[in-house]
Number of protein chains: 2
Amino acid sequence: MVKGLMSVLLVLVAVSSSFGKPEKNSSAKKEKKLPETLSRGWGDELTWTQTYEEALFRARSSNKPLMVIHHLDACPHSQAMKQIFANNKEIQKMAGEDFILLNLVFETSDKHLAPDGQYVPRFIFVDPSLTVRADITGRYGNRLYAYEPADLDLLISNMKKAKKLLKTEL
Amino acid sequence: MVKGLMSVLLVLVAVSSSFGKPEKNSSAKKEKKLPETLSRGWGDELTWTQTYEEALFRARSSNKPLMVIHHLDACPHSQAMKQIFANNKEIQKMAGEDFILLNLVFETSDKHLAPDGQYVPRFIFVDPSLTVRADITGRYGNRLYAYEPADLDLLISNMKKAKKLLKTEL
């Protein structure tokens, strides 16, 4: 038997306090239920990757930037951003055409995805060269990658910024 | 900007040769499409976790063993096991009641999930103490965690073995 997941465990302990209640769909329903989706309401018609590893692979192979959205069902700010995000045509179009997409309710063990800490909602862009775009920030000094619904134009502008790749390969 | 994802990249390069063609659902469909599911056909009525981090958290907090299934759409052995797995009532019942479930088409960066290499289909159990159960193996010496459809009874027996937890907490 192999032991050695403690570093992962430490990260989990760090985030587990945010999870006061389990997700609705993890309750044991006896009735036939719809399968869970990767979109989680952020845009059902978009293609969402499952894991960070998959997302990096697809960003690199498609030469498209990756947008990682950290969120929580129990967080009203996350829910408000999701509504805005899912219902804005410009965002949905750009997300679908120009981005690899990943939404996560659990943190990864990669510290580069939390340049100034773990909080939600948090929007991090990753260049297809696999460089985290820590330079693409929102307007809050204490939570650089957070956006409120009022910051929609800034998010759109930052998506456009992320589309300008760091390296252009022929 | 932060650089430093090279270790992840190396893992990705190692597996990328397996991915000759992209998944069907990543092609740009203009028609309304159904959202992608976490079950991927391994049991639509079961609750599937999204990421390894989430799966470990849920295994630990629920004190249930985790079953991780690595598979590929393009692999006929994976497809055959999926058919068997999804249609076997005993497996589906036990999976739904007693296990935290994760199916992955991309490898994680955790080497403990690949005790004897990265191949598919591969069934790895993890105890809720977060110990990979490298002792629970199939019948193939060169691919210890692979199962063929003919090995169904062994898989069921191994699921029962995984249910006997390493540590029993009161």
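What you see is a predicted model, and the numbers here were worked out from it, not measured in a lab.

### Digging into the overall build of chain A
For step 1, the next point in the chain: The secondary structure content of chain A amounts to five helices and three strands.
For step 2, the next point in the chain: Listed N to C, the secondary structure of chain A is α-α-β-α-α-β-β-α in terms of helices and strands.
For step 3, the next point in the chain: Across the 170 residues of chain A, 51% fall into the buried class.
For step 4, the next point in the chain: Considering only contacts within chain A whose residues lie at least 6 apart along the sequence, 71% involve residues at least 24 apart.
For step 5, the next point in the chain: Only carbon and sulfur atoms are counted for the fraction: they give 54% of the accessible area of chain A, which is about 8,200 Å².

### A look at the environment of P35 of chain A
For step 1, the next point in the chain: Along the chain, the position of P35 of chain A falls in the loop between α1 (6-16) and α2 (52-62).
For step 2, the next point in the chain: In this structure, P35 of chain A is in contact with T37, S39 and D44 of chain B, ignoring residues within four places of it in sequence.

### Comments concerning the pattern of salt bridges
For step 1, the next point in the chain: As enumerated under the stated definition, the model contains 14 salt bridges over all chains in all.
For step 2, the next point in the chain: One salt bridge connects E97 of chain A with K93 of chain A, and the closest N-O pair in it is separated by 3.3 Å. Of this pair, E97 of chain A and K93 of chain A both sit in helix α4 (residues 89-98), four residues apart, roughly one helical turn.
For step 3, the next point in the chain: Notably, a salt bridge pairs R122 of chain B with E107 of chain B, separated by 2.9 Å at the nearest N-O pair. Residue R122 of chain B is found in strand β3 (residues 122-126), and its partner E107 of chain B is found in the loop between β2 (100-104) and β3; the two are separated by 15 residues along the sequence. You'll find R122 of chain B and E107 of chain B in the same group, each marked buried.

### Here we look at the side chain of S39 of chain B
For step 1, the next point in the chain: With respect to the helices and strands, the residue S39 of chain B is situated in the loop between α1 (6-16) and α2 (52-62).
For step 2, the next point in the chain: Since its relative accessible area comes to 2%, S39 of chain B is described here as buried.
For step 3, the next point in the chain: Polar side-chain contacts of S39 of chain B include one of 3.3 Å to the side chain of T37 of chain B.
For step 4, the next point in the chain: Beyond its immediate stretch of four places on either side in the chain, S39 of chain B contacts P35 of chain A together with D44, W48 and N103 of chain B.

### Observations regarding the sheet that holds strand β3 (residues 122-126) of chain A
Consider a sheet: its strands pair through backbone hydrogen bonds, and that pairing is either parallel or antiparallel.
All names here are of chain A.
For step 1, the next point in the chain: Taken in spatial order, the three strands of this open sheet run β2-β1-β3, and their pairing is mixed. The sheet is open, and its two borders are formed by β2 (100-104) and β3, each paired with just one other strand. Put simply, the sheet's adjacent strands are angled 15° from each other on average, direction ignored.
For step 2, the next point in the chain: Strand direction decides the pairing type here: strand β1 (residues 66-70) and β2, joined by five bridges, are parallel.

### Section: the packing of aromatic side chains
Residues and elements named next belong to chain A.
For step 1, the next point in the chain: Counted according to the given criterion, the structure contains 12 aromatic pairs over all chains.
For step 2, the next point in the chain: With 6.3 Å between their ring centres and 35° between their planes, F85 and F123 make a pair best called tilted. You can see F85 sitting in helix α3 (residues 76-87) and its partner F123 sitting in strand β3, a full 38 residues away along the chain. There is no split in this pair, since F85 and F123 are both buried.
For step 3, the next point in the chain: It is R122 that lies over the ring of Y119; its NZ or CZ is 5.7 Å from the centre.

About the criteria used
- Residues numbered from 1 in each chain as written.
- Chains lettered and ligands numbered in written order.
- Predicted model: local features only at pLDDT ≥ 70, side-chain atom pairs only at ≥ 80, totals over all residues.
- Heavy atoms only, no water.
- Helix = DSSP H or I, 4+ residues; strand = E, 2+ residues; numbered from the N terminus.
- Buried < 20%, exposed > 50% of the residue type's maximum accessible area, 1.4 Å probe, protein only.
- Contact = heavy atoms within 4.5 Å.
- Areas by Shrake-Rupley, 256 points an atom, 1.4 Å probe, with all protein chains shown as cover.
- Salt bridge = Lys/Arg side-chain N within 4 Å of Asp/Glu carboxyl O.
- Polar contact = N/O pair within 3.5 Å; in protein donor to acceptor, adjacent residues only side chain to side chain.
- Pairing = 2+ DSSP bridges.
- Axes fitted to C-alpha atoms, helices over the stretch in contact; angles between N-to-C directions.
- Phe/Tyr/Trp six-rings, centres within 6.5 Å; stacked < 30°, edge-to-face > 60°.
- Lys NZ or Arg CZ within 6 Å of the ring centre and 35° of its normal.

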